[in-house]
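# Descriptive structure summary
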Amino acid sequence: MDKNILQTLSRAEWEGINDLADQICEEIADAEKYAKWALAVKDDMPTVAQTLYTISGQELTHASMLHDLVARAISDYKAKHGDPPADMLTLYKYLHGKQIDKTERVKRYQEMYKA
């Protein structure tokens, strides 16, 4: 990790952003798990499948809420310190891109369920 990030971000700020990013990934993974499960039981257990589909959507909502917190943390950082270090933004953009790709995959499973 670049020492410039550690010099400008407090340990609590960095850990908070990192923890939020980790949790976003977990929420998206759970959303995928529930969407796939809903597809698997759709014909045999439609009530269970509908509940699982609903939970999948809720997990994506949680991920979105957590993303809003990360965006706010970055905005707060900018207000205190100016532009974040380039390494921090590069890491954020990389992780955010992966999260977007995984979210799109979950949405495809959800669309298959609704079809």
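Heads up: these notes are all about the structure in this document. Being a predicted model, the structure only gives us computed values, none of them experimental.

In terms of helices and strands, the protein chain carries 4 helices and 0 strands. In the protein chain, the succession of α and β elements from N to C terminus is α-α-α-α. Across the 115 residues of the protein chain, 30% fall into the buried class. Long-range contacts, defined here as pairs at least 24 residues apart, represent 78% of the contacts in the protein chain between residues at least 6 apart. Carbon together with sulfur atoms contributes 54% to the accessible area of the protein chain, which is approximately 7,300 Å² in total.

The subject of this paragraph is the layout of surface pockets. For the largest pocket, the calculated volume is near 160 Å³. Residue lining of the largest pocket: Ile-24, Ile-28, Leu-60, Ala-63, Ser-64, His-67, His-96, Gln-99, Ile-100, Thr-103 and Glu-104, and that is the complete set. For the lining of the largest pocket, the secondary structure elements donating two or more residues are helix H2 (11-41), helix H3 (46-81) and helix H4 (86-114). Looking at which element gives the most residues to the lining of the largest pocket, the answer is H4, with 5 residues. Within the lining of the largest pocket, the residues separate by chemical class into 5 nonpolar, 5 polar and 1 charged.

Okay, empty space enclosed by the protein next. On inspection of all chains with the given rule, the structure shows 1 cavity of 30 Å³ or more. Considered as a void within the structure, the largest cavity measures approximately 180 Å³ in volume. Ile-17, Ala-21, Val-70, Tyr-92 and Leu-95 are the residues nearest the centre of the largest cavity, which is lined by 14 residues in total. Every element with two or more residues in the lining of the largest cavity is listed here: H2, H3 and H4. It is H4 that provides the largest number of residues to the lining of the largest cavity, a total of 6 residues. Taken together, the residues of the lining of the largest cavity break down into 10 nonpolar, 4 polar and no charged.

The next thing to look at is the packing of aromatic side chains. Inspection of the entire model under this criterion finds 2 aromatic pairs. With 6.3 Å between their ring centres and 15 degrees between their planes, Tyr-34 and Trp-37 make a pair best called stacked. Pair noted here: Tyr-34 and Trp-37 are both in helix H2, with a separation of 3 residues, about one helical turn. For Tyr-34, a relative accessible area of 18% gives the class buried. With a centroid separation of 4.8 Å and an interplanar angle of 20 degrees, the aromatic rings of Tyr-53 and Tyr-113 are classed as stacked. With a gap of 60 residues between them, Tyr-53 in helix H3 and Tyr-113 in helix H4 connect regions that are remote in the sequence. Of the residues examined, Tyr-113 reaches a relative accessible area of 7% and is grouped as buried. The ring of Tyr-34 carries Lys-33 above its face, with NZ or CZ at 4.8 Å from the centroid. Above the plane of the ring of Tyr-113 lies Lys-42, whose end atom (NZ or CZ) is 5.0 Å from the centre.

About the cut-offs
Residues numbered from 1 in each chain as written. Predicted model: local features only at pLDDT ≥ 70, side-chain atom pairs only at ≥ 80, totals over all residues. Heavy atoms only, no water. Helix = DSSP H or I, 4+ residues; strand = E, 2+ residues; numbered from the N terminus. Buried < 20%, exposed > 50% of the residue type's maximum accessible area, 1.4 Å probe, protein only. Contact = heavy atoms within 4.5 Å. Areas by Shrake-Rupley, 256 points an atom, 1.4 Å probe, with all protein chains shown as cover. 1 Å grid on protein atoms, 1.4 Å probe; cavity = no way out; pocket = protein on both sides within 12 Å on 5 of 7 lines; lining within 4 Å. Points joined across faces, edges and corners; volume = space filled by probe spheres on them. Nonpolar A, V, L, I, M, F, W, Y, C, P; charged D, E, K, R; others polar. Phe/Tyr/Trp six-rings, centres within 6.5 Å; stacked < 30°, edge-to-face > 60°. Lys NZ or Arg CZ within 6 Å of the ring centre and 35° of its normal.

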